[in-house]
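Examining the three-dimensional arrangement
Now for the letters of each chain:
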Amino acid sequence: MKLHDLIGLSKKRLSEIYDKDEAAAIVRVWISDRFDIAPSTVNALPDTVLADHQAELLMIDLDNLCKGVPVQQVTGVAWFCNLPFHVTKDVLIPRPETEELMYLLFEEMQDEPVKVLDVCTGSGCIAIALKNKFPQTIVKGCDISFDALAVAKGNAEKHGAEIDFLWTDVAEGIWEGLEQEKFDIIVSNPPYITSLEAMSMHKNVLENEPHIALFAPDDDPLIFYRRILIFSRDHLNEGGSVWFEVNKGFATEIERMMKGFGFVEVAVENDMSGNPRFVSGFMCIP
């Protein structure tokens, strides 16, 4: 089989599941990861003949892609802040919106060494990206999923990032190992999708990404934000700040909640699509 024939076949088969542009984008990411090249150069690859074993492995990939498995799980790699992260079905695939949150935070941190806690760390992408950008920063990450913590620890080792990852149960207010800690920054992309929104989500997300990391309880969709803010009252240093990625439908309510907890300079920022996606604020020390 020739490479260009495989690419054409892949786009055709994936267009039966996704729209044409998305199918093409998936193929670009898949081929670029498998051939270790930039996605922008995929279409310029020479039309080489694939070895039998190579073609067989790529066809297995394609079958999985056509079953709706996300391309990042097929290749095991997701890029975030220009770093490759190993991902499995136990962690969320990092999203571009979360990268936007990171760039807002990078701008705030500049070059000052601080202490940061990443709550609901998942793959560890936020914690590791921060440590990579600011090596002098002390970073800790926490999550309820032991499987996710194992992935995060592996990613930290891969990138040479010295980060402590701890088990917590944020919804129950259990902050094991963090009771005596204080931080300058607390950042979180917690579960925030409601079950009603799940009805409009693509099945490849619903069937392949962990629901525990996606969905907030319908009867209390802001529980993670409230618990983190309660924790922050006793665990932020003077002038410390909290940074959230949020459900666009709850941004105003989370802004109000933060002000109610005594935060000042509370700001709501839009994502690249114009949706209110990020809320931040600074702890006002009496």
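Residues numbered from 1 in each chain as written. Predicted model: local features only at pLDDT ≥ 70, side-chain atom pairs only at ≥ 80, totals over all residues. Heavy atoms only, no water.

What follows covers the nonpolar core. Counting residues in hydrophobic clusters, the biggest one holds 35 residues, and the most contacted among them are Leu117, Trp175, Ile186, Phe244, Ile254, Met258 and Phe263. Elements with a contribution of two residues or more to this core: β3 (115-119), β6 (183-188), α11 (223-235), β7 (236-245), α12 (251-260), β8 (263-270) and β9 (276-283). Looking at this core element by element, the count peaks at six residues for α11. In this view, Trp175 contacts Leu117, Val119, Cys142, Thr168, Val170, Arg227, Ile228 and Phe231; residues no more than four positions away in its chain are not counted. Within the second largest apolar cluster, 29 residues are counted, among which are Phe80, Cys125, Ala161 and Trp243. (Core = buried A, V, L, I, M, F, W, Y, C linked by side-chain atoms within 4.5 Å. Buried < 20%, exposed > 50% of the residue type's maximum accessible area, 1.4 Å probe, protein only. Helix = DSSP H or I, 4+ residues; strand = E, 2+ residues; numbered from the N terminus. Contact = heavy atoms within 4.5 Å.)

On the surface, Glu107, Glu108, Asp111, Glu112, Glu265 and Glu269 cluster together to form a negatively charged patch. Counting residues per element, the ones that place at least two in the negative patch are α5 (96-109) and β8. Note on placement: Asp111 falls in the loop between α5 and β3. (Patch = residues over 30% accessible without salt bridge, like charges linked within 9 Å, V, L, I, M, F, W, Y side chains within 5 Å. Areas by Shrake-Rupley, 256 points an atom, 1.4 Å probe, with all protein chains shown as cover. Salt bridge = Lys/Arg side-chain N within 4 Å of Asp/Glu carboxyl O. Lys, Arg positive; Asp, Glu negative; His and termini not counted. Charge placed at Lys NZ, Arg CZ, Asp CG, Glu CD.)

We now examine the environment of Ser200. For Ser200, the position within the fold is in the loop between α8 (195-198) and α9 (203-208). Exposure remark for Ser200: the relative accessible area of 67% places this residue in the exposed category. In the structure, Ser200 is positioned 20 residues away from Asp220 in sequence and 20 Å away in space, judged by C-alpha atoms.

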